[in-house]
Amino acid sequence: MTDILKRIEEGRAILRSRFGEAMAGTPSLSDREPQGTGPRNRHGMPQVPPRQNVLSTWPVLDCADQPVVGTDRWELRMEGEVEESMRLTWDDFLALPQADDVSDFHCVTGWSRLDMRWEGVRFETLAALARPTLAATHVMFHSYDGYSTNLPLEEALKSDVILAHRVDGEPLSTEHGGPVRVVTPQLWAWKGAKWVRRVEFMPHDRRGYWEIRGYSNTGHPWRDDRDW
Ligand SMILES: Nc1nc2c(c(=O)[nH]1)N[C@H]1C(S)=C(S)[C@@H](COP(=O)(O)O)O[C@H]1N2
Ligand SMILES: [Mo]
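In this text the structure is predicted, and so the values were computed from the model without any measurement.

1. Comments concerning the overall build of the protein chain
Stage number 1. Each helix and strand counted, the protein chain has six helices and eleven strands in total.
Stage number 2. Based on the C-alpha atoms only, the size of the protein chain along its principal axes is roughly 45 × 40 × 35 Å.
Stage number 3. Scored against the burial criterion, the 228 residues of the protein chain give a buried share of 53%.
Stage number 4. Summarising the internal contacts of the protein chain: among those between residues at least 6 apart in sequence, 70% fall at separations of at least 24.
Stage number 5. As presented, the protein chain carries roughly 10400 Å² of accessible surface, and 49% of it is formed by carbon and sulfur atoms.
Stage number 6. Taking the 28 positively charged and 35 negatively charged side chains of the protein chain as two groups, their mean positions are separated by 2 Å.

2. Observations regarding the sheet that holds strand 3 (residues 86-89)
Stage number 1. Read across the sheet, five strands follow the order 3-2-11-6-7 without closing on themselves; strand pairing throughout is mixed. Bordering the open sheet on either side are strand 3 and strand 7 (148-152), each of which pairs with just one other strand. Strand-to-strand twist of the sheet, defined as the mean angle between neighbouring strand axes without regard to direction, takes the value 15°.
Stage number 2. One ladder, built from six bridges, connects strand 6 (residues 138-143) with strand 11 (residues 196-202); its direction is antiparallel. Paired with serine 143 across the two strands is valine 196, which belongs to strand 11.

3. Brief notes about the site of ligand 1
Stage number 1. Around ligand 1 sit 21 residues, and of these Pro59, Asp145, His176, Arg181 and Lys194 come closest.
Stage number 2. A distance of 2.9 Å separates an oxygen atom of ligand 1 from a polar backbone atom of leucine 61.
Stage number 3. Contact between ligand 1 and arginine 181: an oxygen atom at 2.7 Å from a side-chain N or O atom of the residue.
Stage number 4. Protein chains bury 98% of the 530 Å² of accessible surface belonging to ligand 1 in isolation.
Stage number 5. For the shell around ligand 1, the residue count by class is 14 nonpolar, three polar and four charged.

4. Some remarks on the pattern of salt bridges
Stage number 1. Evaluation of the coordinates by the stated rule reveals 18 salt bridges.
Stage number 2. For glutamate 124, the salt bridge identified is with arginine 12, shortest N-O distance 3.3 Å. With glutamate 124 in helix 4 (residues 123-130) and arginine 12 in helix 1 (residues 2-24), this pair connects stretches of sequence that are 112 residues apart.
Stage number 3. Taking relative accessible area as the criterion, arginine 12 reaches 22% and is therefore assigned partly exposed.
Stage number 4. Residue aspartate 224 pairs with arginine 51 through a salt bridge whose shortest N-O separation is 3.1 Å. You can see aspartate 224 sitting in the segment after helix 6 (209-212) and its partner arginine 51 sitting in the loop between helix 2 (27-30) and strand 1 (53-54), a full 173 residues away along the chain.
Stage number 5. With relative accessibility at 27%, the residue aspartate 224 sits in the partly exposed group.
Stage number 6. Linked by salt bridges that have partners in common, Glu75, Arg77, Glu79, Arg87 and Arg198 make up one network.

5. Quick notes on the confidence of the model for the protein chain
Stage number 1. Scored by pLDDT, the protein chain comes out at a mean of 93, with 93% of its residues at no less than 70.
Stage number 2. Per-element mean pLDDT across the protein chain ranges from 81 in helix 2 up to 99 in strand 11.

6. Quick notes on the packing of aromatic side chains
Stage number 1. Under the defined criterion, the tally for this structure stands at twelve aromatic pairs.
Stage number 2. Centroid distance tryptophan 74 to tryptophan 90: 5.9 Å. Interplanar angle 90°. Geometry classified as edge-to-face. Here tryptophan 90 lies in helix 3 (residues 90-95) and tryptophan 74 lies in the loop between strand 1 and strand 2 (75-80), a separation of 16 residues in the sequence. Tryptophan 90 matches tryptophan 74 in its accessibility class, with the two residues each being buried.
Stage number 3. Measuring from centroid to centroid gives 5.9 Å for phenylalanine 123 and phenylalanine 201, while their planes differ by 25°, and the two rings are stacked. Here phenylalanine 201 lies in strand 11 and phenylalanine 123 lies in helix 4, a separation of 78 residues in the sequence.
Stage number 4. Three or more aromatic residues link up through ring pairs in this structure, and these residues are Tyr147, Trp190, Tyr209, Trp210 and Tyr215.
Stage number 5. The lysine or arginine in question, arginine 213, covers the ring of tyrosine 209, its NZ or CZ lying 3.7 Å from the ring centre.

Each value, and the rule that gives it
- Residues numbered from 1 in each chain as written.
- Chains lettered and ligands numbered in written order.
- Predicted model: local features only at pLDDT ≥ 70, side-chain atom pairs only at ≥ 80, totals over all residues.
- Heavy atoms only, no water.
- Helix = DSSP H or I, 4+ residues; strand = E, 2+ residues; numbered from the N terminus.
- Buried < 20%, exposed > 50% of the residue type's maximum accessible area, 1.4 Å probe, protein only.
- Contact = heavy atoms within 4.5 Å.
- Areas by Shrake-Rupley, 256 points an atom, 1.4 Å probe, with all protein chains shown as cover.
- Lys, Arg positive; Asp, Glu negative; His and termini not counted.
- Charge placed at Lys NZ, Arg CZ, Asp CG, Glu CD.
- Pairing = 2+ DSSP bridges.
- Axes fitted to C-alpha atoms, helices over the stretch in contact; angles between N-to-C directions.
- Near = heavy atom within 4 Å.
- Polar contact = N/O pair within 3.5 Å; in protein donor to acceptor, adjacent residues only side chain to side chain.
- Nonpolar A, V, L, I, M, F, W, Y, C, P; charged D, E, K, R; others polar.
- Salt bridge = Lys/Arg side-chain N within 4 Å of Asp/Glu carboxyl O.
- pLDDT = per-residue confidence, 0-100.
- Phe/Tyr/Trp six-rings, centres within 6.5 Å; stacked < 30°, edge-to-face > 60°.
- Lys NZ or Arg CZ within 6 Å of the ring centre and 35° of its normal.

Written out as structure tokens, the structure is:
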């Protein structure tokens, strides 16, 4: 275990020196009033991006049938442009350092849900273990229902991007992407793959399920960045 912790620590340092500047230059961090990730970044009004309504319910949005993946069958693969391909079982995943973060969830169909508390493993932790090659610039998340969504590494590596297995103190339900989903609080919620099964590190950008169908490739809620 200490070996793993050491590898994560070293891997994070490499990632930060390589992507830190690009991360600081992303819209949610470089805008004059950075917004978008829970109470600590919500400076007074407005509470939500333009044209969003706050809901206290939590709608379910799917492009296909919901896959039922038991934790005995679930696995996560990290592959493509990485030094170490990885295949993690549920037990492996739970043994990694766990993080939690409170953030807001913005769906491009016009609703936002505030102050969601996510628990799981930071994408950064997984990337620190797998170690993107020098060619890697983007990732594609692939899901058990056939869904996919792409992110540049400077967005995916943010500390609030979590592969979550609990939300608001409860295990993540199947309808919301359990056993494990991704959350991307600084981008629209479609960038967070439910029922995640595979992370593909890529040497260039490629569009995912909704990005092919006309959603914005960048998806910054605070810039009202919704379609092409
Ligand atoms: N695997 C998978 N992930 C997905 C989707 C999907 O259809 N399949 N829908 C996306 C969209 S469009 C949104 S808005 C959020 C919705 O998450 P929720 O159903 O938990 O509210 O999940 C995203 N992740
Ligand atoms: Mo969505």
